[in-house]
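The chain contents come next:
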Amino acid sequence: MEHERKLTSSDAIDYLEESAPTVDYLDLFNTTGWNDAYCFSIKEIEQSIRNVWYSVSAYHGSQMVGTGSIISDGIHHALIVNMIVHPDFQNRGIGTKILDLLVTKCKKHRIRDIQLFAAENKFPFYRKYGFMPRPENAPGMELAM
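Peer 1: Quick question: what am I supposed to make of the nonpolar core here?
Peer 2: Burial of nonpolar side chains together is a common tendency in soluble globular proteins. Core analysis: the biggest nonpolar cluster contains 23 residues, and Ile80, Ile94, Ile98 and Leu102 have the highest contact counts within it. When residues of this core are traced back to their parent elements, those giving at least two are strand E2 (13-16), strand E3 (54-60), strand E4 (63-72), strand E5 (77-85) and helix H4 (94-108). Among the elements that line this core, the one with the most residues is H4, at seven residues. Ignoring any residue separated from it by four or fewer positions in sequence, one finds Leu102 in contact with Tyr54, Val56, Gly68, Ser69, Ile70, Ile80 and Met83. Core analysis: the second largest hydrophobic core is formed by 11 residues, Leu16, Tyr25, Tyr59 and Met64 among them.

Below you can see the structure in the form of structure tokens.
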């Protein structure tokens, strides 16, 4: 696999500054169980990948083992989404490296408001990097589906 925008390599993991091929992303996304509820088609996943502002993909050889993306206006707001590390590759620093690359990109562009979606059981991981749950009285809401 040849990639032009390799950011870094460590412990046989290549970190790439690019969106993954749709099939690779869908394979990794399916390890989360999220698609059981969302039921995304491959075309919807493809569109989702195209619409991100910035993305990092982690590969072990030809296997995609991690990813993270940012949805942003490039100035004011950034939302980190789809932080995924393959279950067989967790606890090896891959998520930490991806998060670092995403936050660095935001800081480089002087984005003032960096938020992320995270499952509640993942809060301890993100707290280590300065992320805090939004206070109950903070602005922001989610549409109940």
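Peer 1: Looking at this model, I keep getting lost on the pattern of salt bridges. Mind explaining?
Peer 2: Pairing between side chains of opposite charge can happen when their charged atoms approach one another. Taken as a whole and assessed by the stated rule, the structure comprises one salt bridge. Between Arg50 and Glu46 there is a salt bridge, with the nearest N and O atoms lying 3.2 Å from each other. Taken as a pair, Arg50 and Glu46 lie in helix H3 (residues 42-50) at a separation of four residues, close to a single helical turn. Given the relative accessible area of 37%, Glu46 is considered partly exposed.

Peer 1: Would you mind going over the packing of helix H1 (residues 22-30) against H3 with me for this structure?
Peer 2: Helices that pack against each other are described as a pair by the angle of their axes relative to one another and the distance between those axes. Contact geometry for H1 and H3: axes closest at 10 Å, N-to-C directions at 105°. Considered as vectors, H1 and H3 are oriented roughly perpendicular to each other. Here Thr22, Val23, Tyr25, Leu26 and Phe29 of H1 lie close against H3, whose contacting residues are Ile42, Ile45, Glu46 and Ile49. When its residues are assigned to classes, the contact of H1 with H3 shows seven nonpolar, one polar and one charged.

Peer 1: Explain H1 to me, please; I cannot follow it from the model alone.
Peer 2: One full turn of an α-helix is made of 3.6 residues, so residues set three or four places apart face in the same direction. Within the span of H1, buried status applies to Thr22, Asp24, Tyr25, Leu26, Leu28 and Phe29. At its buried positions, H1 is contacted by helix H2 (35-38), H3, E3, E4 and E5.

Peer 1: Just to check I follow, could you spell out the pairing of strand E6 (residues 113-116) for this structure?
Peer 2: Looking along a regular strand, one sees side chains alternate from face to face of the sheet. Bridge count between E5 and E6: four bridges; the pairing is parallel. The partner of Ile80 across the bridge, within E6, is Leu116. One crossover worth recording links E5 to the parallel E6 by way of H4, and it is right-handed.

Criteria and thresholds
Residues numbered from 1 in each chain as written. Predicted model: local features only at pLDDT ≥ 70, side-chain atom pairs only at ≥ 80, totals over all residues. Heavy atoms only, no water. Core = buried A, V, L, I, M, F, W, Y, C linked by side-chain atoms within 4.5 Å. Buried < 20%, exposed > 50% of the residue type's maximum accessible area, 1.4 Å probe, protein only. Helix = DSSP H or I, 4+ residues; strand = E, 2+ residues; numbered from the N terminus. Contact = heavy atoms within 4.5 Å. Salt bridge = Lys/Arg side-chain N within 4 Å of Asp/Glu carboxyl O. Axes fitted to C-alpha atoms, helices over the stretch in contact; angles between N-to-C directions. Parallel < 35°, antiparallel > 145°, perpendicular 65-115°, else oblique. Nonpolar A, V, L, I, M, F, W, Y, C, P; charged D, E, K, R; others polar. Pairing = 2+ DSSP bridges. Right-handed = clockwise from strand over helix to strand, strands pointing away.

Geometric descriptors of this kind do not, in isolation, establish any biological role.
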